[in-house]
Amino acid sequence: MDSKFGTKVRKIIACFLLLCSLSMLLAGCDYTTYPPSITARWKSTDPDFTLEYWKGTSTRPYKSNEYLILNDEQLFIEVIYFPGDFAIVPANSTDMEKVYLRGTWKLSKNELVFHITEDHLFGGIYKEIHFSRENLE
């Protein structure tokens, strides 16, 4: 009786994993291409925000220059990308305690959009930040 129960549980788990994999494929989400993997400058004018990425070395696959202009001061930041999500922290931050912005991101060939869900930088003024692509090569 136990072997029949174990077989049923394994079949249910396998079916669940298959359905999860299928739903991810059908959703059409591509989490393999991140903005840092594309050599480009991503520029937003409102707010004044610049993200630059270019190829690095084998130990660090890309190099970056990420900053924004806030109150006429250049503020260096680091954008941490997760599959579909992002967090912006101070440059060279060692923890996620001080998060400036958090939300989701969407990438197309010539546009990067940050949908902001948590804002500790602009006081909730921006719900989205749109970046246009400028080639560096």
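Structure: above.
As the structure is a prediction and not an experimental result, all values here were calculated from the model.

Participant: Would you mind going over the overall build of the chain in detail, with residue names and values included?
Facilitator: Regarding its fold elements, the chain presents one helix and eight strands. For the chain, the N- to C-terminal ordering of α and β elements is α-β-β-β-β-β-β-β-β. Counting the 137 residues in the chain, one finds 30% classified as buried. Taking contacts inside the chain between residues at least 6 apart in sequence as the whole, the part at least 24 apart equals 34%. With an accessible surface of roughly 9400 Å², the chain has 56% of that area assigned to carbon and sulfur atoms.

Participant: Run through the pattern of salt bridges, naming residues and quoting values.
Facilitator: Pairing is possible between side chains that carry opposite charge, provided their charged atoms lie close to one another. The full count for this structure, using the stated rule, is four salt bridges. In this structure, Arg41 engages Glu52 in a salt bridge whose closest nitrogen and oxygen atoms are separated by 2.7 Å. Taken together, the positions of Arg41 in strand S1 (residues 40-44) and Glu52 in strand S2 (residues 49-55) put the pair eleven residues apart, joining distant regions of the chain. Relative accessible area serves as the criterion here: at 25%, Arg41 is assigned to the partly exposed category. Here Glu52 falls in the buried class, since its relative accessible area comes to 11%. One salt bridge connects Lys43 with Asp48, and the closest N-O pair in it is separated by 2.7 Å. For Lys43, a relative accessible area of 26% translates into the label partly exposed.

Participant: Got a sec to walk through the environment of His115? Specific residues and values, please.
Facilitator: When you line up the elements, His115 lands in strand S7 (residues 111-119). Separated by ten residues in sequence, His115 and Trp105 have C-alpha atoms that sit 6.0 Å apart. The residues contacting His115, other than those within four sequence positions of it, are Phe86, Arg102, Gly103, Thr104, Lys127 and Glu128.

Conventions adopted
Residues numbered from 1 in each chain as written. Predicted model: local features only at pLDDT ≥ 70, side-chain atom pairs only at ≥ 80, totals over all residues. Heavy atoms only, no water. Helix = DSSP H or I, 4+ residues; strand = E, 2+ residues; numbered from the N terminus. Buried < 20%, exposed > 50% of the residue type's maximum accessible area, 1.4 Å probe, protein only. Contact = heavy atoms within 4.5 Å. Areas by Shrake-Rupley, 256 points an atom, 1.4 Å probe, with all protein chains shown as cover. Salt bridge = Lys/Arg side-chain N within 4 Å of Asp/Glu carboxyl O.

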